Amino acid sequence: MAATDKQSNVQLEKEAEDEEYENCSQECKDLLLSLPREKGWGVPYIYLYQDIWLRPIRIQAISTFQKQFQAKDSDIIVASLPKSGTTWLKALVFAIVNRNRFSPSQKNHPLLISNSHDLVPYFEFHLYGKRQNPDLSNLPEPRLVGTHFPFHSILDSISKSKCKIIYICRNPFDNFVSLWYFGNAIAPSTSPRLSWEEALERYSKGTIEFGPFWTNILGYWRESIEKPDKVLFLKYEDLKGDIKFHLKRVAEFLNCPFDSEEEGNGVIENIIELCSFGKMKELEVNKAGKILDRYENKVFFRKGEVGDWVNHFSPWMEKKLSKTIEEKLGGYGLSF
Ligand code: A3P
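The text that follows walks through the structure, step by step, so that each part is easy to find. Starting afresh in each chain, residues are numbered from 1 along the sequence in its written order. Local features in this predicted model are restricted to residues of pLDDT 70 or higher, and side-chain atom pairs are both shown and tallied only at a pLDDT of 80 or more, whereas totals for entire chains, interfaces and linings draw on every residue. Just so you know, side-chain values use all the structure's heavy atoms and leave hydrogens and water out.

1. Comments concerning the nonpolar core
Using the following cut-off: Think of a nonpolar core as a cluster: buried Ala, Val, Leu, Ile, Met, Phe, Trp, Tyr and Cys residues, connected wherever their side-chain atoms sit within 4.5 Å. Only protein chains enter the accessibility calculation, which uses a 1.4 Å probe; a residue whose area is less than 20% of its type maximum is buried, one above 50% is exposed, and one in between is partly exposed.
Judged by nonpolar contacts, the single largest core of 62 residues is most densely connected at Phe123, Ile165, Phe213, Ile217 and Tyr220. Ranked by size, the runner-up nonpolar core spans 38 residues in total, among them Phe102, Val120, Leu234 and Phe253.

2. With respect to helix H8 (residues 151-158)
For clarity, the threshold we go by: Here a strand is any run of E in DSSP of at least two residues, a helix any run of H or I of at least four, and the numbering for each starts at the N terminus. When we speak of the arc, we mean the arc of directions from the helix axis to the C-beta atoms.
For H8, the complete set of buried residues consists of Phe151, Ser153, Ile154, Ser157 and Ile158. The buried residues of H8 all sit within an arc of 150 degrees when viewed along its axis, so they share a single face.

3. Observations concerning the packing of helix H13 (residues 243-253) against helix H15 (residues 267-274)
What counts is decided by this rule: Helix axes are fitted only over the stretch in contact, all axes being lines through C-alpha atoms; the angle between N-to-C directions runs from 0 to 180 degrees. Roughly parallel refers to an angle under 35 degrees, roughly antiparallel to one over 145, roughly perpendicular to one between 65 and 115, and oblique to any angle outside these ranges. What makes two residues a contact is simply this: any of their non-hydrogen atoms within 4.5 Å. Here the nonpolar group is Ala, Val, Leu, Ile, Met, Phe, Trp, Tyr, Cys and Pro; Asp, Glu, Lys and Arg are the charged ones; every other residue, Gly included, is treated as polar.
In the contact formed by H13 and H15, the axes pass within 10 Å of each other and the chain directions differ by 105 degrees. On the basis of the axis angle, H13 is roughly perpendicular to H15. On the side of H13, the interface is formed by Ile243, Lys244, Leu247 and Lys248, while H15 contributes Ile268, Glu269, Ile271 and Ile272. In terms of residue class, the contact of H13 with H15 is built from 5 nonpolar, no polar and 3 charged.

4. Quick look at the site of the ligand
This is how the line gets drawn: Note on definitions. A residue lies near a molecule or strand when any single heavy atom of the residue is within 4 Å of it. N or O atoms within 3.5 Å of each other form a polar contact, as long as, within protein, one can give a hydrogen and the other can take it, and as long as residues adjacent in sequence are counted only when both atoms are side-chain atoms. The accessible surface values rely on the Shrake-Rupley method and a 1.4 Å probe; as for residues, cover is taken only from the protein chains in view.
Neighbouring residues of the ligand: 18 residues in total, closest Lys83, Thr86, Thr87, Ser178 and Lys303. Here a nitrogen atom of the ligand and a backbone polar atom of Phe277 are 3.5 Å apart. Separating an oxygen atom of the ligand from a backbone N or O atom of Gly304 is a distance of 2.7 Å. Contact with the protein chains removes 98% of the 570 Å² of surface that the ligand exposes when unbound. Looking at the shell around the ligand element by element, the count peaks at 3 residues for helix H4 (residues 86-97). Class assignment of the residues belonging to the shell around the ligand gives a composition of 7 nonpolar, 7 polar and 4 charged.

Structural data, given as structure tokens:
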């Protein structure tokens, strides 16, 4: 890279950082000074706060969320690491919970005209992602919300309620590949692309936003074992393998099982079709729309397959990530 290009990249990253800082309160800015930091992806730095790596505005978001949010008994939280199938799970949960209001086969179903992230907003982006306090009063009940925050970060806000959490986990190999494409797609065009090697170094070290991946996964995994009525732990690969079975599990977990009439009328099949990768990817809203006026909806739909990692990993990369998975997730009864 030419010296002048390097200088302008440094300048642009500085400007991005300034923008991040601009959106933070003084309290947050002071806090950042005391936190360990590492290089970010699309932002100059991410910071370690409450054992997770976050960019400055997400630290602002988590602090506000923890001060303000109190779960209601009827709340349903869809939790995940980025690039684990959240877009899909949000759509499925929305379709299941609202099937009496919106028939999954109706022509103007909300999922045909809106991206599932707009129907099931994230705490850290849609609701607490801005400086002004969010107005949650217009969220229809039961409130469906999403988050990439780990379990320990949301625990205080939910512990007094009977709200339900559904977590989706994905094989870290495919999760990483999906993240690599996404991270480079949403980084400012002026920002340098992260190589596979550099990205894997960071992923394996845990210094990726909302990571380390093992902290995020294990928090929900442990809770799902201890309190299976509270947390339902799903795997992307299992959903791809038998979506009908898992859709029924989700509905039962949410205390709204499909009855025999619905089964006979093909309601489950209609939900599966409505939320299928092929259907969602081809919707106008997902081809041309944007989330929060910022992220193009189309970047949330790439291949939607299990095992794509084999097309991207060298033997060195496979060895490295296998070792990390064994070290960090081995012995917890989790297999991929
Ligand atoms: P790939 O990059 O492997 O294709 P998230 O929603 O958590 O951001 O995860 C995105 C991943 O889920 C992407 O994986 C994306 O293609 C896939 N995905 C999005 N919608 C899907 C759907 N309806 N069914 C299956 N996979 C889906």
